[in-house]
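Here is what each chain is made of, one letter per residue.
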Amino acid sequence: MSNLLTVTDLKMHFSGVKAVDGVSFSVEEGSLLGIIGPNGSGKTTVYNALTGVYTPTSGQVMFDGKDITGKPMYSMVRYGIARTFQNLRHYRGMTVLENVMMGNYSNDRSGFVDALFHTPKFKKYWKETKERAREVLELVHLEDKANEYVGSLPYGLQKRVELCRALITDPKLLMLDEPTAGLNLSEASELIHSVMEVKEKRHLTVTMIEHNMKVMMSSSDHIIVLDSGKKIAEGLPAEIQQNELVISAYLGKGVGRHAS
Amino acid sequence: MTVVNRVQQLFQKYKLPILIILGLIVLALPFLVNASMVRLLTTVFIYSLTALGLMLIFGFTGMFCTGFAAFYGTGAYVTAILATRYGTNFFITLICSGIVAGVVGFIICVPSLRLSADFVGLLSTALLNIFLAIVRAWTDVTNGASGIVGIPHPVIFGHEFKSKEEYYYLMLVMAVIVYLLIRNVLNSKIGLCMKGIRDNEIGTIAVGVKSRQMKLLTFTLGSFVGGVAGSLYAYYISAITPDNFVFAISTTFVQMCVIGGLGTLSGAVVGTVFVTFLPEVFRSLAVYRLGVGGLVMVILMVIRPQGISGSKAFAADFSIADRIRQWRLKREQKKVAATELEV
Amino acid sequence: MTYFLQQTVNGISVGAIYAMIAVGYSMVYGLLYLINFAHGDLYVLGTFVVFSCMTVFGSQGFFSPLVSCLIGACVAGFVGILTERFAYRPIRSGSRNISMVSALGISALLKTISQVIWGPESKAFPSFLPDGKIMLGDIVLYERCIWVVAFSVIIIAAMMLIVRYTKFGRGTRFIMQDITTASLVGVNVNFVVPAIYALGGFLGTLGGVLYSSYYSLISIDIGILGTIKAWAVVTLGGPGSLVGCLVGGVILGWSEAMASSYFFNAARDAVGYIVIIAVLMIRPYGLFGKAKAEKV
């Protein structure tokens, strides 16, 4: 199995703060990579540097054979990368269907003039977008909520809507950022179950930042551990659980750091 | 269930019949009401287009623009100059006015894209001032502060539109056409993008939208519509001066959008009707129109930010009923705490 | 050359006035990132009060203008507190667009109030600054220019000392970082924030009085003009930075003077913005401003 994503010596410095300081890892196609680490270790910053939110200070990112280092955020979908955000970047004031339809933007090849006059080309793509959105919603069992306003849904379902928006872009790599944060036990396991289901059905590769150890250990094929911007361990879930460095990173540092 | 919700539900259920009836009434109005009302309604049609342009920029894409009168004024002056000096065809003038306004909008929007989000507001207000300064100073072309008079009546296929009824129907048809086109755009991926950029720009970029281009597109489109509205305005009142386009007018447009309901198409119409008719209803308040509108805006922001039409995107987390309940609860708690202290 | 220096002197004095007007605005903007549209109309209200007081008490001498200014400034400050309490605080947690709309509404309301009380026509504002002039070679240096610049510098310096060394100042700096954390560490947010608005109105009125006595004019229309100038100064100098106000104001005033003398009058408005855009391209947060981090 080849590596879909290879990150080499990624550095992200912000005027003196070394948020990410030389992180390297790769993700095998079809696998699920777990990324763990105490708060402030740079996990989300790695995501941001990979997906164009920030331009990496140095390092290289190879995805599917192409060099995507420093490419802008809007090009990620074209490469086949979709992500979710730690603080849910969905649209509370729009319906579930609209949220998911938004994700199909890059597949919709109609233009402004088509939209202006609702030409047949527009109608074709619009219909297609709606159908694909419904398909994705069915994948995660949300199709009955299609016309509800996202803001009125429980938090767990809102997270699933954001997931759907990422899925409709038909990604090769799905990057999840703390998908179970803020969810109770049953919501969390439902969500992870959905993720695994979709991963199988669509042959996705997934990376997942998580704090929920149970979830991590049971769903990851491979795990990397970050601390203070550096990778301190990597390996199979069972190995990580025994790793001394990892244990001390979590227990030794204590609470009170800035969020990553 | 609140009153507004109930009204909205009714409206949804009987949408088509209601619209047909409303449409018939609007068509028949010139024969049912007096002359000044007809004139007032004609201005409502024109202003609702301006509100629509601003709504695209502010209500749908979230770019706070307080200098919109600059595009409106640009359209009006282009029309005035072309029509009085060169006698150009109505449609050509209309489109040209829109295009010039759109280009100006484009130029203003470009620098603000890379800079902070607030910049558009500042720049558009500055633009308005610069526009007024240019108009007042460039007397050769714009006649300065005295303005341009004698704008000819629109002539379409040989027919000259001069009576108030003719203007009424002309403006009505123009407004409806533009509305339908814009409605098409809003019910498309472009409309989704606009709302997406407003509600969560980064999330929208993450799914592949080049948000800068989208903002530019919307701003240009909105200012184009504003220019068209200005053009119709110039034709309608046949004499314009710089004072028709001062900052207070810009504020009035914002009031129309806000009161009507940001982020909704109907909001532009509802808001325009509200803001235009309120001073008519309370005649004595006409002088204070701006202030009253301002007060209404503030009150709305506090208790019902989604305006009359109530787009969910702008609704606060708590409804009015919830807030009253909360306030009462707080008062109770304070009382209890006070009595506990005494004990 | 003399012409150039003369215009420079004029430009700097006007710039100092802009800086004064901008101080209050800068603090509100730096604090809450709220574009306070009402700023201009608020201080115009205060300036009108000063105008009326001066009409009543007379505008000559030292005490009468001083008292009038203080009364006007306090009225503006008080109105500032009222607007914060009823129009901004309830929506502080909401989206910024909503706060800005509210500010716009207040601006319209205040303008109408001023219009109702004092009428829409512009009036001659009594000039209480000394009329003398000093000749530096061929250049005329009006005494009032010196007074204006000195006054602005002193006030801004005083504000800088307050921000740095008082408990209140520390509170504002905390709030500028993050308003929620500030309340958690014990800053009395509901005291500091209204106080900043009050200061905005107070200092803005002083700036407005300087403006009106410099140009011997007061009208309700200078409200929006003032808001724009303040905005421009703060954008140029950096939000929340008082030094930035002074520097930004001077740069703005100076470039306007240059543009209107060497090009044409209408260029005066445009040039300010060209300068600002140019500066922002290099330093996106203004000359002395700091970036505000957004969590992605």
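Predicted, not measured: the structure shown is a model, and the values here were computed from it.

Cut-offs and rules
Note on numbering: residues in each chain are counted from 1, in written sequence order. The naming scheme follows written order: chains are lettered A onward, ligands numbered 1 onward. In keeping with the model being predicted, local features are shown solely for residues with a pLDDT of at least 70 and side-chain atom pairs are shown and tallied solely at 80 or more, while totals for entire chains, interfaces and linings include all residues. Computation of side-chain values covers all heavy atoms of the structure but excludes hydrogens and water. A run of DSSP states H or I qualifies as a helix once it reaches four residues; a run of E qualifies as a strand once it reaches two. Both are numbered from the N-terminal end. We take the radius of gyration over the C-alpha atoms and set the globule estimate at 2.2 Å times the residue count to the 0.38 power. Relative accessibility thresholds used throughout: buried, under 20% of the residue-type maximum; exposed, over 50%; partly exposed, between the two (1.4 Å probe, protein chains only). Residue contacts are counted whenever heavy atoms from the two residues lie within 4.5 Å of one another. We get accessible surface area from the Shrake-Rupley algorithm with a probe of 1.4 Å; when it comes to residues, only the shown protein chains can shield them. When charges are counted, neither His nor the chain ends are considered; positive counts come from Lys and Arg and negative counts from Asp and Glu. Charge placement uses NZ in Lys and CZ in Arg. For Asp and Glu, CG and CD serve respectively. In this description, strands pair whenever DSSP reports at least two bridges between them. Along the chain, pLDDT gives the predictor's confidence residue by residue, from 0 to 100. Definition of nonpolar core: a set of buried residues of the types Ala, Val, Leu, Ile, Met, Phe, Trp, Tyr and Cys, connected through side-chain atoms within 4.5 Å. Here the bounds of each domain stem from an automatic or database domain assignment. Buried area is a sum: the accessible area each of two parts loses on coming together, probed at 1.4 Å, counted once for each and added. Salt bridge criterion: a side-chain nitrogen from Lys or Arg within 4 Å of a carboxyl oxygen from Asp or Glu. We call two N or O atoms a polar contact when they sit within 3.5 Å, provided that within protein one can donate a hydrogen and the other can accept it, with sequence-adjacent residues counted only if both atoms are side-chain atoms. Under the grouping applied here, Gly and all other residues not named as nonpolar or charged are polar, the nonpolar ones being Ala, Val, Leu, Ile, Met, Phe, Trp, Tyr, Cys and Pro and the charged ones Asp, Glu, Lys and Arg. Each Phe, Tyr or Trp ring (for Trp, its six-membered ring) is paired with any other whose centre lies within 6.5 Å, and the angle between the two planes then decides the class: stacked below 30 degrees, edge-to-face above 60, tilted in between. A ring has a charge above it when a Lys NZ or an Arg CZ is no more than 6 Å from the ring centre and no more than 35 degrees off the ring normal. The residues that make up patches have over 30% relative accessible area and no salt bridge, and they are joined within 9 Å when like-charged or within 5 Å when they are Val, Leu, Ile, Met, Phe, Trp or Tyr.

Assigned secondary structure in chain C consists of 11 helices and 4 strands. Taking 2.2 N^0.38 as the reference for a compact globule, 296 residues should give roughly 19 Å; the C-alpha atoms of chain C span a radius of gyration of 19 Å, in line with that estimate. Judged by the C-alpha coordinates and their principal axes, chain C covers about 60 × 45 × 35 Å. Scored against the burial criterion, the 296 residues of chain C give a buried share of 57%. Here the contacts in chain C between residues at least 6 apart in sequence split such that 75% fall between residues at least 24 apart. Accessible surface, chain C as shown: approximately 12,300 Å² in total, 69% of it carbon and sulfur. Placing the 18 positive and 11 negative side-chain charges of chain C at their respective mean positions leaves the two points 13 Å apart.

All names here are of chain A. Taken in spatial order, the 4 strands make up an open sheet running E2-E1-E4-E5, and their pairing is antiparallel. The open sheet has two edge strands, strand E2 (17-28) and strand E5 (66-67), and neither has a second partner. Two elements, strand E1 (residues 3-14) and strand E4 (residues 58-63), share 5 bridges in a ladder whose sense is antiparallel. The residue of E4 that forms the bridge with lysine 11 is serine 58.

With that out of the way, let us pick up the confidence of the model for chain A. In low-pLDDT segments, the atomic positions of the prediction should not be examined closely. Confidence in the prediction of chain A, expressed as mean pLDDT, is 90, and 96% of residues score 70 or more. Long-range and interchain partners of residues 254-260 of chain A, a stretch whose pLDDT sits below 50, account for 15 contacts in this model, where long-range means more than four residues apart.

Let us now look at the nonpolar core. When a protein is soluble and globular, its nonpolar side chains tend to lie buried together. One finds A:Leu174, B:Ile182, B:Phe219, B:Ile240 and B:Phe245 to be the most contacted residues of the largest nonpolar core, which totals 241 residues. Counting residues per element, this core draws most heavily on helix H3 (residues 35-60) of chain B, at 16 residues. Taken domain by domain, this core gets at least three of its residues from each of domain 1 (35-245) and domain 2 (247-343) of chain B. Once you skip the residues sitting within four places of it in the chain, B:Ile182 turns out to touch B:Leu52, B:Leu56, B:Leu221, B:Val225 and B:Leu265. With 26 residues, the next largest nonpolar core counts A:Val7, A:Met12, A:Phe25 and A:Leu33 among its residues.

Taken together, the contact pairs 38 residues of chain C with 37 residues of chain B. Both sides of the chain C and chain B interface together cover about 3,200 Å² of buried area, and 80% of this is carbon and sulfur. Counting every contact that joins chain C to chain B gives 0 salt bridges. The tally of links from chain C across to chain B stands at 2 residue pairs in polar contact (both at pLDDT 80 or more). Broken down by secondary-structure element, the contributors of at least two residues to the side of chain C that touches chain B are helix H3 (63-88), helix H4 (96-118), helix H9 (222-237) and helix H11 (267-282) of chain C. With 15 residues, H4(C) is the largest single contributor of residues to the side of chain C that touches chain B. Partitioned by chemical class, the residues of the side of chain C that touches chain B number 28 nonpolar, 6 polar and 4 charged.

Looking now at the pairing of E1(A). All names here are of chain A. As paired elements, E1 and E2 share 9 bridges and run antiparallel to each other. Within E2, the residue paired with asparagine 3 across the bridge is glutamate 28. Where E1 hands over to E2, the hairpin turn is made up of 2 residues, of which serine 15 adopts a positive phi near 25°.

What follows concerns the environment of A:Arg83. Residues and elements named next belong to chain A. Within the secondary structure, arginine 83 sits in strand E6 (residues 81-83). For arginine 83, a relative accessible area of 8% puts it in the buried group. Taking the C-alpha atoms as reference points, arginine 83 and aspartate 177, separated by 94 residues in sequence, lie 7.6 Å from one another. Reaching out from arginine 83, the side chain makes a polar contact with the side chain of asparagine 48 at a distance of 2.8 Å. Of note is the side chain of arginine 83, whose polar atom sits 3.1 Å from the side chain of threonine 51.

Another point: the packing of aromatic side chains. Applying the stated rule across the entire model yields 30 aromatic pairs over all chains. Arranged with centres 5.6 Å apart and planes meeting at 70°, the rings of B:Phe68 and B:Phe71 form a pair that is edge-to-face. Considering the side-chain rings of B:Tyr233 and B:Phe245, the 6.4 Å spacing of their centres and the 75° angle between planes classify their relative orientation as edge-to-face. Of this pair, B:Tyr233 sits in helix H11 (residues 211-237) while B:Phe245 is found in the loop between strand E4 (239-240) and helix H12 (247-260), placing the two residues 12 residues apart along the sequence. There is no split in this pair, since B:Tyr233 and B:Phe245 are both buried. An aromatic cluster is defined as three or more aromatic residues linked by ring pairs; in this entry it consists of B:Tyr47, B:Tyr72, B:Tyr77, B:Phe131, B:Tyr233, B:Phe245 and B:Phe253. Above the ring of A:Phe85, the side-chain terminus of A:Arg89 is found at 5.7 Å from the ring centroid. In this structure, A:Lys124 packs its charged tip against the face of A:Tyr125, placed 4.8 Å from the ring centre.

Residues and elements named next belong to chain C. A cluster of nonpolar side chains, namely Val56, Phe57, Phe62, Phe63, Leu66, Val67, Leu70, Ile71 and Val75, defines an oily patch on the protein surface of about 850 Å² accessible area. Broken down by secondary-structure element, the contributors of at least two residues to the nonpolar patch are helix H2 (38-57) and H3. At 6 residues, the largest contribution of residues to the nonpolar patch is made by H3. You can see phenylalanine 57 is positioned in helix H2.

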